[in-house]
Each structure stands twice: as C-alpha cells, then as structure tokens.
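Residue strings, one per chain:
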Amino acid sequence: MNERILISGASIAGLTLAHWLARHGFQPTVVERAPAPRTGGNGVDVRDLAVDVVDRMGIWPAVQAAAADVHGMKFVDARDRVTARVDTRTAGAIEIMRGDLVALLLENTDVEYLFGDSVRGLEQDENGVSVTFENAAPRRFELVVGADGLHSNVRSLAFGPEERFLRFKDHYFAFADADSALGENRRVTMHNTPGRMTGVYRSGNHAQAKAYFMFRSAPLAYDRRDTAQHKRLLRDAFGGDTFWRVPELLAGALDDPEFYFDALSQVHMPTWSTGRVALVGDAAWCASPASGAGAELALVGAYHLAREIVAHREDHATAFARYHAAHNPLVRKKQQIGPNVRLMVPKTAGGRRVRDTLARLPLMRAMAAAEQLAQSARRRALPDMDAGSAAPHIPHTR
Ligand SMILES: Cc1cc2nc3c(=O)[nH]c(=O)nc-3n(C[C@H](O)[C@H](O)[C@H](O)COP(=O)(O)OP(=O)(O)OC[C@H]3O[C@@H](n4cnc5c(N)ncnc54)[C@H](O)[C@@H]3O)c2cc1C
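Everything numeric here is computed off the predicted structure, so don't read it as measured data. (Residues numbered from 1 in each chain as written. Predicted model: local features only at pLDDT ≥ 70, side-chain atom pairs only at ≥ 80, totals over all residues. Heavy atoms only, no water.)

(A) Focus on the site of the ligand. Lining the immediate environment of the ligand, one finds 27 residues, of which Ser11, Glu32, Asn42, Arg98 and Asp282 sit closest. Between the ligand and Ser11 there is a distance of 2.7 Å, counted from an oxygen atom to a side-chain nitrogen or oxygen. Glu32 is positioned such that a nitrogen or oxygen atom in its side chain is 2.6 Å from an oxygen atom of the ligand. Elements with a minimum of two residues in the shell around the ligand: α1 (12-23), β2 (27-32) and α9 (294-311). (Near = heavy atom within 4 Å. Polar contact = N/O pair within 3.5 Å; in protein donor to acceptor, adjacent residues only side chain to side chain. Helix = DSSP H or I, 4+ residues; strand = E, 2+ residues; numbered from the N terminus.)

Dropping the structure here:
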C-alpha cells in the first residue's frame, strides 16, 4: 500500500494534493523550504474545473468571500490617459490573491508539516523511497511528489538538471508591493513601451497594491537566489523611464524585501513521474504567469493525481500514467501563451496600437465572451474520487 507520501512544497498544488490524500486515509507529509507559509503574489484565477475542486474541498464559499474583486485591465499612455479597457470578469470564475488562496488551503489541510526544510537526497527501490532532508532525520516513504514550483528541487534530484525541461519565453518579470495610490481600484493598469510593461494591480478587497514589470530580453546570466542582483537587473531595464508612474513603482519594488523576479519560463516534460517519484503543479508543467492559469492547473492537476493514487492504491505506475493522460491535454492548451504575451507586452509601437484598437472593438469582446461560454460547455466534468470514502459533496452556488 502506498500510504506514506512525501510532498515537497506547501503551495497550491502541494496543499491540494495533501488535502485529498489525507481525506482518503493516506498519511501525507508536506515539506516546505520556507520557514512559514509563503503568502506573497498577485491575483490568481480559479475557474472552470478548478472551481469544482475547491467546491468539493468545501472552501468555495470562503474563496468567493475572499475574491480580489478585480473588474479588468486598462492600458494607459505616458500621461495616464486610457487607450483601451478590457473587462476580465467571467461568470463563475474568481480571482483571488495567491496568499489568500494558500491560507485557505492550509486551514483545510490537516497533515504533518515540516517547514524550513528541504529534501537533500532521494533513493528509490522496489518498495519505497529513502529520503534525506537538510534538517530532519532521514525517513522512508512509499511515494514522493515534487510540488515545489518552477525550479523544483525534487525534479532536479529525480529527473535531472532543470535546463533540460525549462523553456525560456523571451521575457523577465517582477512582482512587488506598490503604493495603492498609484493604481485605480479594481483594475490592473498597464503602461507599455515596445517590449516592456509596467503595471499596478489593485484588488477591491486589499489596501495594498502590487506592481508588475515585464520586459523582453535575450537570456541574462544571474544567480537565481541573489535578490540584490535581480533588483539591479530591473533597475537596468526600467531605471531610465521617467514617464507615467514608472519611477514610483520602481522605487517601491526596489524597497520591497518580498520582491519576486524570474524568467518567463515554461516546463515541458515527456512524463511527470519516474518510478515512485512524481511531479505536480509548476514543477511538472509551469505554463508561466503569462498563462493566467497557474492556480487552475495546479488545483485540477493535484486533484487528478490524488484521484488516481486513491483509485490505484497498490499500483503507482498505473496511477501516474492515468494522471498524466487525464491532465496533459489541459496543460498543453494553457501553455499556448503567445496571444497573452502580445496583449501584455507588444513588441512594437505599431503592435501596441493594434492591441488597443482590438481591445476597444465590441465585436472582439463579444467573440471572447462567446469563446468563454463555448469552453465552459465543452469542458468535461471532473471525475469523482472513490465514492466510498469521499466526504459528502456540497454543491456550490454558481
Ligand atoms: C511567493 C510566490 C508568489 C507568486 N506570485 C504569483 C503571482 O503573482 N502571479 C502568478 O501568476 N503566479 C505567482 N506565483 C506562482 C503560482 O503560485 C504558481 O504558478 C501556481 O499557483 C502553481 O502553484 P504550485 O503550487 O505548483 O507552485 P508555487 O506556487 O510556485 O509553489 C511552490 C512551493 O514550493 C516551495 N519550494 C520551493 N523549493 C522547495 C524546496 N527545495 N523544498 C521544499 N519546498 C520548496 C516554495 O517555497 C513554494 O511554497 C507565485 C509563487 C510563489 C511561490
């Protein structure tokens, strides 16, 4: 029986998986490198099948109550005049601050946690995996799951160096706290110059605003853990911009100790498992923040993985193969980020004018709404977990 399961990463994917496994009689242990839950980040979307997942976990009403209440995006010129607006609200979908979603998942996931620790080594044999940690004593588990994000440690240990799986998507991005006076309430306000975007995110239920930066670039050489170096790269990219609110947003970001910087990258892997080790969430398929689907994929993917482990308690190979088959089509679709990147960061001034014109056309909005409706109609229902042991299903009120 594959009962003791180590999950690396206490974020959206790892906590969702831990919740469902615990609910079905497994003993998950979650190891998280940070000393406490990481609550940073901007708004993330919970939509389509992901709504069903949080609903079945019993937290949909709480997710709705914590909704970021953002109505859409607006694009502005150097003098803050609006050049286009896009309404991003979708019936039945919720945008929520990443930290609020992580807090709700944690509250609802009563398992063993090892905060401030990380897996150092993994050794698999026929019956299990021997795991060594940076701090805790060595332990034995039947399965190990890496839910530790884009730069997954478990992926490096079990599958090889990340260079094999990461695809750089020609941009870098940064998130940081911002002065809320700099953005319009309930909007993401964005300013573009060719190949660059600066934005402010203001949710309707948070006093704090978030700054976004994205810039097109050839690959840059830097140390992924050196925040001072990341800040220098951002200053190099935007320090010369004296227009709109860029100087204030940049000054705020450079002051923020929670400053988050990374390459816009995706993870592409032929398989998400090797023996008794599997991956879930960004570790397995990161579609990048430009997809707007990181949370949705993490919630739905973790549910599929849990469901297959529950259904094939003694046969992890079948469970992992079925999980990949069930979730990979959605991943492949959400990894198509080209149109989103062109919307957020047009390469040229001409591209920006085309974007603004298209965003203003009522026909385009009608087509986007129709596509959303068609997508909802096309989506397949979320399969049930082993009905015998599942907690009662509470229907949601969409
Ligand atoms: C602090 C933070 C802020 C983010 N902000 C945004 C945002 O604003 N917008 C957006 O679209 N996406 C953001 N993301 C990414 C977003 O959360 C993911 O795309 C998506 O939700 C999938 O989640 P995940 O659980 O797979 O991975 P992540 O949310 O990336 O979580 C991975 C977890 O693994 C932990 N971890 C990493 N290495 C180790 C290790 N060696 N051992 C143990 N644990 C480890 C991390 O601390 C983290 O808690 C953010 C992620 C983080 C960690």
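Back to the write-up after that little detour.
(B) Examining the packing of aromatic side chains more closely. Under the defined criterion, the tally for this structure stands at 16 aromatic pairs. On the basis of an interplanar angle of 45° and a centroid distance of 5.1 Å, the ring pair of Phe168 and Tyr172 is categorised as tilted. Judged by its relative accessible area of 25%, Phe168 falls in the partly exposed class. Judged by relative accessible area, which is 3%, Tyr172 ranks as buried. Considering the side-chain rings of Phe175 and Tyr260, the 5.7 Å spacing of their centres and the 15° angle between planes classify their relative orientation as stacked. In this pair, Phe175 is assigned in strand β12 (residues 166-178) and Tyr260 in strand β16 (residues 260-267), connecting sequence segments 85 residues apart. Take Phe175: its relative accessible area is 16%, and that puts it in the buried class. Chaining the aromatic ring pairs together yields one cluster made of Phe168, Tyr172, Phe213, Phe215, Tyr222, Phe238 and Phe261. We note Arg196 situated over the ring of Phe238; from NZ or CZ to the ring centre the distance is 5.5 Å. One Lys or Arg, Arg355, reaches over the ring of Phe75 and ends 3.6 Å from the middle of that ring. (Phe/Tyr/Trp six-rings, centres within 6.5 Å; stacked < 30°, edge-to-face > 60°. Buried < 20%, exposed > 50% of the residue type's maximum accessible area, 1.4 Å probe, protein only. Lys NZ or Arg CZ within 6 Å of the ring centre and 35° of its normal.)

(C) Up close: the sheet that holds β12. The strand order β5-β4-β13-β14-β15-β12-β16 describes an open sheet built from 7 strands, whose pairing is mixed. If you trace the sheet from one side to the other, it starts and ends with β5 (82-87) and β16, each paired once. Each neighbouring strand pair of the sheet contributes to a mean axis angle of 20°, computed without reference to strand direction. Bridge count between β12 and β16: 7 bridges; the pairing is antiparallel. Note that in β16 the partner of Tyr172 across the bridge is Ala263. Here helix α6 (residues 227-238) sits on the sheet in contact with β12, β14 (196-202), β15 (209-216) and β16, set at roughly 70° to β15. (Pairing = 2+ DSSP bridges. Axes fitted to C-alpha atoms, helices over the stretch in contact; angles between N-to-C directions. Contact = heavy atoms within 4.5 Å.)

Limitation: the analysis is restricted to geometry and does not speak to function.
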